[in-house]
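Structure at a glance
Single-letter residue listing:
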Amino acid sequence: MSTWKNIKKSSIGWIKGYAQKVGGITNSTDSGHFTPQNSSYWIFVGVFFLCIAANRFFYNNPQNTKDLGKLTRQINKPMTEESREDLIYQRLNELLHDLENFEQMDRLKPFLPLRPEILDSVPSTVPLFREHYVLSSSYGNRHHPIHQVTRKHFGVDLAAEKDTPIYCTAAGRVAHIENNPNGHGLHVIISHAYGFSTLYGHMESVAVELGEALDAHDFVGTVGSTGISTGPHLHYEVIKDGNRINPAPSFNIKYEAYSNLKID
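How each quantity is defined
Residues numbered from 1 in each chain as written. Predicted model: local features only at pLDDT ≥ 70, side-chain atom pairs only at ≥ 80, totals over all residues. Heavy atoms only, no water. Pairing = 2+ DSSP bridges. Helix = DSSP H or I, 4+ residues; strand = E, 2+ residues; numbered from the N terminus. Axes fitted to C-alpha atoms, helices over the stretch in contact; angles between N-to-C directions. Phe/Tyr/Trp six-rings, centres within 6.5 Å; stacked < 30°, edge-to-face > 60°. Buried < 20%, exposed > 50% of the residue type's maximum accessible area, 1.4 Å probe, protein only. Lys NZ or Arg CZ within 6 Å of the ring centre and 35° of its normal.

Spatial strand order, β5-β11-β9: three strands in an open sheet with antiparallel pairing. The open sheet has two edge strands, β5 (165-167) and β9 (203-206), and neither has a second partner. Each strand axis lies, on average, 35° off the axis of its neighbour in the sheet, ignoring direction. The pairing of β5 with strand β11 (residues 219-223) spans three bridges and is classified as antiparallel. Along β11, the bridge assignment pairs I166 with G221.

Put into structure tokens, the structure is as follows:
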């Protein structure tokens, strides 16, 4: 029996014992003793059981999941390997939801090798095979090759041959397909977990359908030069909670996590 149950049992026993001391009377009209006929009796009983309910609520329902680390340290017995991994997975989920850009991934990287499968739901690879592309334009301010003005480039351009295969960088669902001749040309937007979306622009062909569910690394389509483009390349963007962020720091996340796996 737990300490809490012992306290509860002894407390109830104490109340019964107190009633017995005043004669065990339950139907007396004498309100001068600590009996059900005395209002103080019912106030005490009400407060007692209110304390029980409050204790069980706060003990069994931590309100802030970010305090799980603190609660874990309070556990007296050692955690099992399965419980430890579940706790790590839950904490990674929380951090990924709060993530604003990939520069903040550094605080997650020590834990990713413990649960690397979580990266299947996060843009964490290059959408082209490494030997198939050259980074031709980075994220940030640049001189636009067609408009001849300096403006912010909200993605990265990966120069590649026409019809080079493009792969989904995380599991998700196709949210948008459009052919815009005055912008990204034929392009696809895929929504992912944790508030992420990815955009694949200037495509030659699309191999997915609107609403289709995709696994990480599924084939999306091929590189082209549609829309406003000076040559075949993939314009790749990552959007987090509605903000376009620099995708370049995400290219090696999954590779590094699996490289650091501890294999017994």
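Looking now at unusual backbone geometry. Of note in the backbone geometry, D163 takes a positive phi value of approximately 75° without being a glycine. Of note, D163 is situated in the loop between β4 (156-159) and β5. Its identity is not glycine, yet D241 carries a phi of approximately 55°, on the positive side. With respect to the helices and strands, D241 occurs in the loop between β12 (233-240) and β13 (243-245).

Here we take up the packing of aromatic side chains. Counted according to the given criterion, the structure contains five aromatic pairs. Taken together, a centroid distance of 5.5 Å and an interplanar angle of 50° make the contact between Y200 and Y236 tilted. Within this pair, whereas Y200 is found in strand β8 (residues 196-201), its partner Y236 is found in strand β12, the two being separated by 36 residues in sequence. Grouping residues by exposure puts Y200 and Y236 together as buried. Here R244 stacks its cationic end above the ring of F154, 3.7 Å away from the centre of that ring.

What follows concerns the pairing of strand β7 (residues 185-191). Looking down a regular strand, the side chains alternate between one sheet face and the other. Counting buried positions over the seven residues of β7 gives five, a clear majority of the element. Bridge count between strand β6 (residues 172-180) and β7: seven bridges; the pairing is antiparallel. Each bridged residue has a counterpart across the sheet, and for N179 the counterpart in β7 is L186. Connecting the antiparallel pair β6 and β7 is a turn made up of four residues. Direction of pairing for β7 relative to β8: antiparallel, over a ladder of four bridges. By the bridge assignment, S191 is partnered in β8 with S197. Counting the residues that bridge the hairpin from β7 to β8 gives four residues, and of these Y194 lies at a positive phi of roughly 65°.

Structural measurements only, silent on function.
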